[in-house]
Amino acid sequence: MEKKEFRAESKRLLDLMINSIYTHKEIFLRELISNASDAIDKLYYKSLVDKDMDFSKEDFYISITRDTDDRVLTVTDTGIGMTREELEENLGVIAKSGSFAFKNENELTEEVDIIGQFGVGFYSAFMVADKVTVVSKAFGHDKAYKWESSGADGYTIEECHREDVGTDIILKLKENIEEENYDRFLEEYELRRIIKKYSDFIRYPIKMMVTKSRLKDGTENEYEDYTQEETINSMVPIWRRNKNELTEEDYENFYQEKRYGFDKPLRTIHFSVDGMMSYRSILYIPSKAPYDFYTKEYEKGLELYSSGVLIMDKCSELLPDYFSFVKGVVDSEDLSLNISREVLQHDRQLRLMGKKIEEKIKDELKDLLENEREKYEEFYKSFGNQLKFGVYKDFGMNRQALEDLLMFYSSKEGKLVTLEEYFNRMPEEQKYIYYASGDSIDRIDKLPQTELLKDKGYEILYFTDEIDEFSIKMLMNFKEKEFRSVSGGDLGLDSEEKTDEDREEIEDNKELFSSMKEILGDRIKEVRPSKRLKNHPVCLTSDGDLSIEMEKILKNLPNDAEIKADKILEINMGHEISHKLKDAFEKDKEKFKLYTDILYNQALLIEGLPLEDPVAFADNISKLM
Ligand code: ADP
């Protein structure tokens with residue numbers, strides 16, 4: 001029979017599995033049972049909405065069979081099955097669902113990382129088996145097919161016989177080696193332990209033949225062994241169980257079994273609501289962003305159950321975008337089974353549930369922030385941008401929900417602080433909340449525009465993420481204190497008020513400034529004496545809503561709108577340079593032009609803006625030297 005090749009990525013993963021030294025090989029069973037349960041979910045759901053289908057609850061189960069002589073372990077389910085094409089698509093290729101993604105070759109060596117981070121689904125079978133055979137008959141089809149593979153060299157598919165709809169995953173276990181005893185996966189006690197540990201909450205019975213002991217007929221103290229099929233798992237979904245019966249490990253196992261993530265969840269929220277709409281829910285706040293979180297492919301949503309039956313994988317209506325990282329389940333008895341997506345979107349009750357869920361998440365995050373600061377910072381590293389994005393996106397409509405959860409790096413504290421903390425520390429006379437934008441903390445720290453404010457002892461928030469300034473613009477203020485960029489027009493400092501002396505200075509240098517402006521043309525709006533510089537000769541600031549940082553970011557976006565901040569070139573009139581400038585202005589127009597050009601370019605460099613003509617700038621410096 002013709003052997004088909006695995007696709008490249010699958011082959012690499014397979015190699016990895018076959019040669020695995022991963023210590024928790026037992027998770028292969030969790031993965032297979034989880035797939036089996038998903039497959040049953042699909043058929044069960046169909047049977048409930050389609051009145052013509054004749055199924056009873058007893059028809060849905062998973063069974064584990066062991067053949068100790070041949071060393072074969074089989075996981076059978078009565079789920080929806082797979083067609084020939086599906087076998088090919090689903091098992092010949094790494095999960096389309098993206099449970100696995102290669103970023104680069106090196107990651108392959110980091111086996112534990114991969115298994116730890118992504119889980120590996122069906123392929124994990126190859127950690128314990130030499131040969132894997134899948135026999136499946138899909139619902140609504142007459143023919144059954146057998147898929148078989150002994151590893152990375154490929155797989156075969158052929159027609160075969162299977163009486164009923166469903167799937168068998170047949171594992172020929174590897175030979176024992178010194179470091180690993182594969183026989184244990186045939187032992188009743190061990191299998192029971194693994195199932196209990198990872199799959200206890202699976203809603204369908206996981207059946208296995210077990211050995212029991214009974215009194216021999218007609219004797220009083222002689223016992224005999226007999227075998228009997230037993231359901232190993234408790235089947236009660238975890239969200240229906242009492243909180244105080246559950247351990248942290250139970251919640252974690254459920255999180256993993258559901259493949260919500262392969263990190264350890266930071267927090268678990270387990271709650272129930274009674275009333276017009278009664279429901280139970282378990283929500284998880286992950287600690288790490290999944291690899292695709294900040295991509296278009298990422299889909300938010302909670303699993304939605306109606307009385308224990310999964311009706312939707314990712315119900316997005318239950319989560320606001322800014323909490324899209326939350327995972328979990330919601331189960332309600334008051335939802336109709338065949339409710340469609342369209343109906344759901346307009347469902348008032350669903351919106352109420354969504355509101356409540358949002359509140360719960362927010363409270364949990366606040367609690368984390370207040371009581372476990374380090375953990376919150378860990379969370380914020382992964383998901384802070386999502387919160388900021390939330391503020392920005394709806395034109396600040398969600399500010400109430402989010403402003404307390406934001407954090408920025410503080411010039412004073414040298415670490416992340418909340419707006420509340422900043423606010424509480426503000427000296428009475430400080431009018432605004434100051435921020436400075438730039439590529440990195442180091443770079444902002446050196447911005448000349450921050451000199452005066454720091455001198456006054458004012459705290460500055462450092463914005464290093466692109467989204468920062470945009471979202472703060474939407475927030476506009478915090479507790480009625482406006483935000484001000486250190487490079488913005490008015491800093492609200494008393495020293496900024498124009499004194500007579502200042503007016504005189506401007507008047508005296510009127511021609512100098514307008515000459516500079518003439519030389520620089522459209523590139524700037526105005527030249528002004530600076531009130532914020534101490535040691536540096538020049539800086540660029542901006543008038544109006546659009547800052548220079550924002551201009552930089554917008555310029556990088558794929559649209560060709562001409563967006564420009566109104567730039568002001570500020571000159572430190574107390575700096576020695578200004579005397580030279582004045583001197584040149586009076587005596588040597590060529591030199592004056594040169595100085596103006598150099599000063600402007602210096603200001604660009606400090607701002608991290610590209611020079612328009614680096615060669616000319618270098619030439620000009622050489623000329624001076
Ligand atoms: P994932 O479960 O993350 O999608 P897997 O590699 O475990 O990745 O499985 C790939 C796909 O194969 C599943 O999405 C499912 O469509 C299909 N599949 C796996 N096991 C079964 C099964 N027992 N019954 C039906 N379909 C299955």
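Reading the values: rules and limits
Residues numbered from 1 in each chain as written. Predicted model: local features only at pLDDT ≥ 70, side-chain atom pairs only at ≥ 80, totals over all residues. Heavy atoms only, no water. Helix = DSSP H or I, 4+ residues; strand = E, 2+ residues; numbered from the N terminus. Rg over C-alpha atoms; globule rule 2.2 N^0.38 Å. Buried < 20%, exposed > 50% of the residue type's maximum accessible area, 1.4 Å probe, protein only. Contact = heavy atoms within 4.5 Å. Areas by Shrake-Rupley, 256 points an atom, 1.4 Å probe, with all protein chains shown as cover. Lys, Arg positive; Asp, Glu negative; His and termini not counted. Charge placed at Lys NZ, Arg CZ, Asp CG, Glu CD. Phe/Tyr/Trp six-rings, centres within 6.5 Å; stacked < 30°, edge-to-face > 60°. Lys NZ or Arg CZ within 6 Å of the ring centre and 35° of its normal. Axes fitted to C-alpha atoms, helices over the stretch in contact; angles between N-to-C directions. Parallel < 35°, antiparallel > 145°, perpendicular 65-115°, else oblique. Nonpolar A, V, L, I, M, F, W, Y, C, P; charged D, E, K, R; others polar. Pairing = 2+ DSSP bridges. Expected span 1.5 Å × (residues − 1). Salt bridge = Lys/Arg side-chain N within 4 Å of Asp/Glu carboxyl O. Left-handed = near helix turned anticlockwise from the far one by under 90°. Core = buried A, V, L, I, M, F, W, Y, C linked by side-chain atoms within 4.5 Å. Patch = residues over 30% accessible without salt bridge, like charges linked within 9 Å, V, L, I, M, F, W, Y side chains within 5 Å.

Q: If you had to explain the overall build of the protein chain to someone new, which residues and values would you point to?
A: Each helix and strand in the protein chain was counted, giving 20 helices and 22 strands. Here the C-alpha atoms of the protein chain give a radius of gyration of 33 Å, more than 25% beyond the 25 Å that 2.2 N^0.38 yields for 625 residues. Every one of the 625 residues in the protein chain was classed for burial, and the buried ones make up 51%. Considering only residue pairs separated by 6 or more positions, the protein chain has 69% of its internal contacts joining residues 24 or more positions apart. Put simply, the protein chain shows about 31,300 Å² of open surface, and 46% of that area lies on carbon and sulfur atoms. Taking the average location of the 93 positive side-chain charges in the protein chain and that of its 134 negative ones, the two points are 2 Å from each other.

Q: Which residues make up the packing of aromatic side chains, and what values go with them?
A: The description of an aromatic ring pair uses the distance of the two centres, along with the angle that the planes make with each other. The tally for this structure, following the rule as stated, stands at 33 aromatic pairs. Between Phe-271 and Tyr-279, the aromatic rings sit 6.3 Å apart at their centres with planes inclined by 80°, giving edge-to-face as the arrangement. Assessed through its relative accessible area of 6%, Tyr-279 is described here as buried. Between Tyr-322 and Phe-323 the ring centres are 4.9 Å apart and the planes differ by 70°, which places this aromatic pair in the edge-to-face class. Here Tyr-322 and Phe-323 have matching classes, each one buried. Among the aromatic residues, those joined into a cluster by ring pairs are Phe-293, Tyr-294, Tyr-298, Tyr-322, Phe-323, Phe-325, Tyr-376, Phe-379, Tyr-380 and Phe-383. Geometry around Tyr-61 places Lys-207 over its ring, the cationic atom sitting 4.2 Å from the centre. Positioned above the aromatic ring of Phe-592, the side-chain terminus of Lys-589 is 5.9 Å from the ring centre.

Q: A description of the packing of helix α16 (residues 510-520) against helix α18 (residues 576-587) should follow, citing residues and the corresponding values.
A: Viewed as axis vectors pointing N to C, α16 and α18 meet at an angle of 85°, and their least axial separation amounts to 11 Å. As summarised for this structure, α16 and α18 are arranged roughly perpendicular, according to the angle between their axes. The segment α16 lies against α18, with Glu-511, Leu-512, Ser-515 and Met-516 engaging Leu-581, Lys-582 and Phe-585. Its residues assigned to classes, the contact of α16 with α18 comprises four nonpolar, one polar and two charged.

Q: Outline the pairing of strand β5 (residues 155-160), supporting the account with residue identities and numerical values.
A: Regular strands place their side chains on alternate faces of the sheet. Where strand β4 (residues 144-149) and β5 come together, six bridges link them in antiparallel fashion. Note that in β5 the partner of Lys-146 across the bridge is Glu-158. Hairpin remark: β4 followed by β5, antiparallel, with five residues in the connecting loop; positive phi at Gly-151, about 130°.

Q: Provide a residue-level description of helix α5 (residues 188-199), including the pertinent values.
A: Given a rise of 1.5 Å per residue, 12 residues ought to cover 16 Å, and the 15 Å separating the end C-alpha atoms of α5 matches this to within 8%. Structurally, α5 contributes buried residues whose contacts are with α2 (27-49), β1 (62-67), β2 (72-77), β7 (206-215) and α6 (248-257).

Q: How would you sum up the pattern of salt bridges? Please name residues and give values.
A: Where charged atoms from two side chains of opposite charge come close, those side chains can pair. Under the counting rule described, the total for this entry stands at 51 salt bridges. Residue Lys-534 pairs with Asp-455 through a salt bridge whose shortest N-O separation is 3.3 Å. In this pair, Lys-534 is assigned in the loop between β20 (526-529) and β21 (538-543) and Asp-455 in helix α13 (residues 451-455), connecting sequence segments 79 residues apart. Overall, Lys-534 belongs to the partly exposed group, its relative accessible area being 39%. You can call Asp-455 exposed: its relative accessible area is 51%. In this structure, Glu-551 and Lys-567 form a salt bridge, with 3.0 Å as the shortest nitrogen-oxygen distance. Of this pair, Glu-551 sits in helix α17 (residues 548-555) while Lys-567 sits in strand β22 (residues 566-571); the two residues are 16 residues apart in sequence, bridging distant segments of the chain. Take Glu-551: its relative accessible area is 2%, and that puts it in the buried class.

Q: An account of unusual backbone geometry is needed here, citing residue identities and associated values.
A: The phi angle at Arg-71 is positive, at roughly 60°, despite the residue not being glycine. Mapped onto the secondary structure, Arg-71 falls in the loop between β1 and β2. Non-glycine residue Glu-480 carries a positive phi angle of around 70°. Relative to the helices and strands, Glu-480 resides in the loop between β18 (477-478) and β19 (481-485).

Q: Please set out the packing of helix α8 (residues 348-371) against helix α9 (residues 373-393) residue by residue, giving values where relevant.
A: For the pair α8 and α9, the least separation of the axes is 5 Å and the interaxial angle reads 125°. Between α8 and α9, the angle is such that the two are oblique. Crossing of α8 against α9: the hand is left-handed. Residues Leu-365, Leu-368, Leu-369 and Asn-371 of α8 form the contact with α9, whose own contacting residues are Arg-373, Lys-375, Tyr-376 and Phe-379.

Q: Which residues make up the nonpolar core, and what values do they have?
A: Core analysis: the biggest nonpolar cluster contains 67 residues, and Leu-304, Phe-323, Phe-325, Tyr-376, Phe-379, Leu-387 and Tyr-434 have the highest contact counts within it. In this structure, Phe-379 is in contact with Leu-266, Ile-285, Pro-286, Phe-325, Leu-365, Leu-368, Gly-384 and Leu-387, ignoring residues within four places of it in sequence. Listed in part, the 55 residues of the second largest apolar core include Ile-40, Phe-60, Phe-126 and Leu-171.

Q: Which residues make up a negative patch on the surface, and what are the values?
A: Residues Glu-501, Glu-504, Glu-507 and Asp-508 make up a contiguous surface patch of negative charge. If you trace the backbone, Glu-501 turns up in helix α15 (residues 500-508).

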